[in-house]
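Residues per chain, in single letters:
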Amino acid sequence: MHELSLCRSIFTIADRAREGRPVEIIHLQVGQLRQVVPRTLEYCWGLVTEQTELHGSRLDIDHIEVRLRCEACSATMPVADSLVLACSACGSGDVTVTQGEEFMLTSIDLGGRGDGQVPPARGRHGARSRS
Amino acid sequence: MGRFHRHEDGTAHDHGHDHAHGHEHDHAHRHDHDLGDHSGYDTGPQRVSVLEHIFGENDDAADANRAALCAAGVVCLNVMSSPGAGKTALLERTLSHLQGSVRAGVIQGDIETSLDADRLAGLGAQISLLNTANGFGGECHLDAPMVANALGRIDLDALELLFVENVGNLVCPAEFDVGAHHRVMVCSITEGEDKPLKYPVMFRAVELVLVNKIDLLPHLDFDLALLEANLRTINPHATVLKVSTRTEHGLDDWYAWLRARLAEEPVAALR
């Protein structure tokens, strides 16, 4: 939905950081509470970079799960996919989200062939989970 | 990782190298061991640390909007909901009620038409319409630069209260700070009790939920207690007001809430 405008922001940041050099991979941290659909983001990245010097670069998305700290009992915990933001230990709804709202461009990998060709996917890259 | 350093011109990067040892880091990003040449190309990638928030540019524009509103003494509300929940009906009632006592304005986000803005015309408020259809597909939300544009067409010094009527959508508007002081939403009982669970980011982002179309309760199999319970699991602190923009049931509570916000000093920094 809003992935297109997000890709425009990513483009602006990456284009500034690369200082004219070719880019192969843009590394992002995306928290689970950010309503970003990775495949849509990757699709929009292709659209936004078309006919630019970033064409052929790809996004590497590091998913960050949601973690809470309970203000009532001080427990810390991950949140299940249902995203119920309540303490799983004591049931209190007075919780602080300590992780899972990230939306950051962490780094870029320079290189690639700079000829607009998409490099082949590599094992460690592409969407993955992190806890 | 690696030999991270910052140059005088503000750029920063690290020179990647393979590690067989662990060490402490004083910065937030993760420890990668996939540096070095695994690519099959002649040269390995050089990683440049960036660490920029992708919403940074929007957030800076939002802060500037808020500062301009504060300087003019205007309290600004970002009003969000799904399409058809009753944002425009609420504003029609509200502008009529405030006419003559509070100088109000509306920035109205609409993908294509001026239909909603036309409904609000003649109620004594300054209206600034923002069609988001330029670009392709039409933006599904208002962002801070768009609102900055609309603010430029409004005489802020003549206002006390400004509503930003966002595009009807429960997903995207929650992600973009437009520079308002308060985020409120309209949730109608024709939408189902499960909406807070399905759209937690939106329901968590707001301080007030107006549960609209409450006059339809006798005609629907709607479990109001379940909606409130679901809302509490997502946002235990939100104020909930049950209203009907059609019968005006409960609107006095909304007007009282608004006047309480007008009596406060607008907060310059939010987020």
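In this text the structure is predicted, and so the values were computed from the model without any measurement.

K.L.:
Whenever I open this one, the overall build of chain B confuses me. Can you help?
P.N.:
Counting its secondary structure elements, chain B contains eight helices and 10 strands. For chain B, the residues scored as buried account for 52% of the 271 residues in total. Taking the intrachain contacts of chain B between residues at least 6 apart in sequence as the baseline, contacts between residues at least 24 apart amount to 72%. When the accessible area of chain B is evaluated, it comes to approximately 12000 Å², of which 50% is carbon and sulfur surface.

K.L.:
What is the right way to read the packing of helix α2 (residues 87-98) of chain B against helix α8 (residues 251-263) of chain B from this model?
P.N.:
Between two packed helices, what matters for the description is the angle formed by their axes and the separation of those axes. All names here are of chain B. α8 packs onto α2 with a crossing angle of 65° between their chain directions and a minimal axis gap of 11 Å. When the interaxial angle is binned, α2 and α8 end up roughly perpendicular. Of the two elements, α2 crosses α8, and the hand of that crossing is right-handed. Residues L90, R93, T94, H97 and L98 of α2 form the contact with α8, whose own contacting residues are L251, W254, Y255, L258 and R259. Considering only residue class, the contact of α2 with α8 consists of six nonpolar, two polar and two charged.

K.L.:
What exactly am I supposed to notice about the pairing of strand β4 (residues 75-81) of chain B here?
P.N.:
Remember that side chains alternate between the two faces of the sheet whenever the strand is regular. Residue and element names in this part refer to chain B. Counting buried residues in β4 gives seven out of seven residues, a clear majority hidden from the surface. Burial of β4 is two-sided: the residues V75, L77, V79 and S81 facing one way and the residues C76, N78 and M80 facing the other way are all buried. In this sheet, strand β7 (residues 161-165) lies alongside β4 in parallel orientation, the contact comprising five bridges. Across the sheet, L77 pairs through a bridge with F163, a residue of β7. With five bridges joining them, β4 and strand β8 (residues 182-188) adopt parallel strand pairing.

K.L.:
Before we go on, may I ask you to explain the side chain of K87(B) in this structure?
P.N.:
You can see K87(B) is positioned in helix α2. Of the side chains with opposite charge, E165(B) lies nearest to the buried K87(B), which makes no salt bridge, at 4.7 Å.

K.L.:
What is the right way to read the environment of F163(B) from this model?
P.N.:
For F163(B), the location among the structural elements is in strand β7. Residue classification places F163(B) among the buried positions, given a relative accessible area of 0%.

K.L.:
For this particular structure, what's the right way to read the side chain of T49(A)?
P.N.:
Residue and element names in this part refer to chain A. Along the chain, T49 turns up in helix α2 (residues 38-49). Looking at T49, the relative accessible area reads 1%, which means it is buried. There is a polar contact of 2.7 Å between the side chain of T49 and the backbone oxygen of W45. In this structure T49 touches F11, L54 and H55, once residues within four positions along its chain are discounted.

K.L.:
Help me out: how do you make sense of helix α7 (residues 224-234) of chain B in this one?
P.N.:
It helps to recall that an α-helix has 3.6 residues per turn; residues three or four apart then point in one direction. Residue and element names in this part refer to chain B. Those residues of α7 not exposed but buried are L224, L227, N230, L231 and I234. Down the axis of α7, the sector holding all buried residues measures 125°, keeping them to one side. N-capping of α7 is provided by D223, with a side-chain oxygen placed 3.2 Å from the backbone N of A225.

K.L.:
Teacher, can you tell me more about the packing of aromatic side chains here?
P.N.:
Aromatic ring pairs are described here by two measures, namely the spacing of the ring centres and the angle between the planes. All names here are of chain B. Inspection of the entire model under this criterion finds five aromatic pairs over all chains. With 5.3 Å between their ring centres and 85° between their planes, F55 and F176 make a pair best called edge-to-face. Of this pair, F55 sits in the loop between β3 (46-53) and α1 (56-71) while F176 sits in the loop between β7 and β8, placing them 121 residues apart in sequence. Taken as a pair, F55 and F176 share a single burial class, namely buried. For the ring pair F163 and W254, a centre distance of 6.4 Å and an interplane angle of 40° mean the geometry is tilted. With a gap of 91 residues between them, F163 in strand β7 and W254 in helix α8 connect regions that are remote in the sequence. Residues F163 and W254 agree in their burial class; the two are buried. The ring of W257 has R261 sitting right over it, with the charged end atom 4.7 Å from the ring centre.

Calculation notes
- Residues numbered from 1 in each chain as written.
- Chains lettered and ligands numbered in written order.
- Predicted model: local features only at pLDDT ≥ 70, side-chain atom pairs only at ≥ 80, totals over all residues.
- Heavy atoms only, no water.
- Helix = DSSP H or I, 4+ residues; strand = E, 2+ residues; numbered from the N terminus.
- Buried < 20%, exposed > 50% of the residue type's maximum accessible area, 1.4 Å probe, protein only.
- Contact = heavy atoms within 4.5 Å.
- Areas by Shrake-Rupley, 256 points an atom, 1.4 Å probe, with all protein chains shown as cover.
- Axes fitted to C-alpha atoms, helices over the stretch in contact; angles between N-to-C directions.
- Parallel < 35°, antiparallel > 145°, perpendicular 65-115°, else oblique.
- Left-handed = near helix turned anticlockwise from the far one by under 90°.
- Nonpolar A, V, L, I, M, F, W, Y, C, P; charged D, E, K, R; others polar.
- Pairing = 2+ DSSP bridges.
- Lys, Arg positive; Asp, Glu negative; His and termini not counted.
- Salt bridge = Lys/Arg side-chain N within 4 Å of Asp/Glu carboxyl O.
- Polar contact = N/O pair within 3.5 Å; in protein donor to acceptor, adjacent residues only side chain to side chain.
- Arc of directions from axis to C-beta.
- Phe/Tyr/Trp six-rings, centres within 6.5 Å; stacked < 30°, edge-to-face > 60°.
- Lys NZ or Arg CZ within 6 Å of the ring centre and 35° of its normal.

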